[in-house]
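# Examination of the molecular architecture
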Amino acid sequence: MAPRLSWTGVAPSILSADFARLGEQVRTVLEAGATVIHVDVMDGHFVPPITMGPLVVGAIAEQVHAAGAVVDVHLMVDRPERHVQAFADAGADGITLHVEATPHVHYALAAVRDAGCRAGVALNPGTPPEAVAAVAPESDLVLCMTVNPGWGGQSFLEASPARIERLRALSGPGPVIEVDGGIAAETAARCAEAGAQLFVAGSAVFGAGDPAGAVHEIAAAAARAGSQ
């Protein structure tokens, strides 16, 4: 089944899922309407934690695709261009890499496109939005980190909406603007007002008593704010 939606809405991050019930938890959020499943990959170098790799993407890709949804891989790793093909082969539909993680951003984004995936560029909170100006217009997605990358459950950084507005202006109308970090209903609404379209939510979804309800709540708040 082809993906049923453009890359907008809530993207539950499996970083916060219960891996003993990963398939069940992915099914819950897909049935709640999520059309993007976000996979946070960390290598212990670019960011301190080590999380998951292509094997996890391969474990969920068939389930996600059967639901008409897509797998959004966020590489928080040094020299991401070295790992693009492995994630594409595992079933990634989009691969986002950090502008700070490689001296060859153009080359790395080209490798993602050559692998048949949507190409995204991300930047950390301490990186000026202008750092992605040269590549944002030719990217499919621009990811604004709204916390410092590396750990789930952090608090939303208050400077983020202004950065999103700047990224939207620099990127033009083409790329999807994604946000990741401290995203729940209230912060998703603020990011939507600033121009964000895709909202990564980990602990706010999988840490909730009702993950499906959390997806609905975040999506509704962002939709209301984005339509104003």
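Calculation notes
Residues numbered from 1 in each chain as written. Predicted model: local features only at pLDDT ≥ 70, side-chain atom pairs only at ≥ 80, totals over all residues. Heavy atoms only, no water. pLDDT = per-residue confidence, 0-100. Contact = heavy atoms within 4.5 Å. Core = buried A, V, L, I, M, F, W, Y, C linked by side-chain atoms within 4.5 Å. Buried < 20%, exposed > 50% of the residue type's maximum accessible area, 1.4 Å probe, protein only. Helix = DSSP H or I, 4+ residues; strand = E, 2+ residues; numbered from the N terminus. Disulfide = S-S within 2.5 Å. Axes fitted to C-alpha atoms, helices over the stretch in contact; angles between N-to-C directions. Parallel < 35°, antiparallel > 145°, perpendicular 65-115°, else oblique. Left-handed = near helix turned anticlockwise from the far one by under 90°. Nonpolar A, V, L, I, M, F, W, Y, C, P; charged D, E, K, R; others polar.

## Side note on the confidence of the model for the chain
Across the chain, the average pLDDT comes to 94, with 96% of residues at or above 70. Note on residues 1-5: pLDDT under 50 across the span, and 15 contacts to partners over four residues away in sequence or across chains.

## What about the nonpolar core?
Counting residues in each nonpolar core, the largest one holds 68 residues, and the members touching the most others are I14, V39, V73, I95 and F199. A total of 7 residues in this core trace back to one element, the largest contributor, which is helix α8 (residues 211-226). Excluding residues that lie within four positions of it along the chain, I95 makes contacts with V73, L75, V84, F87, A88, V112, C117, R118, A119 and G120. Judged by nonpolar contacts, the second largest core, of 12 residues, contains W7, V70, L198 and V200.

## With respect to the state of the cysteines
Applying the stated rule across the entire model yields 0 disulfides. Among the cysteines around C191, which has no disulfide bond, C144 carries the closest sulfur, lying 7.5 Å off.

## A few points about the packing of helix α5 (residues 160-171) against helix α6 (residues 185-194)
As a packed pair, α5 and α6 sit with axes 8 Å apart at the nearest point and diverge in direction by 30°. It follows that α5 is roughly parallel to α6 by the angle criterion. Taken as a pair, α5 and α6 cross one another with a handedness that is right-handed. Across the interface between the two elements, P161, I164 and E165 of α5 pack against R190, C191 and A194 of α6. For the contact of α5 with α6, the class distribution of residues is 4 nonpolar, no polar and 2 charged.

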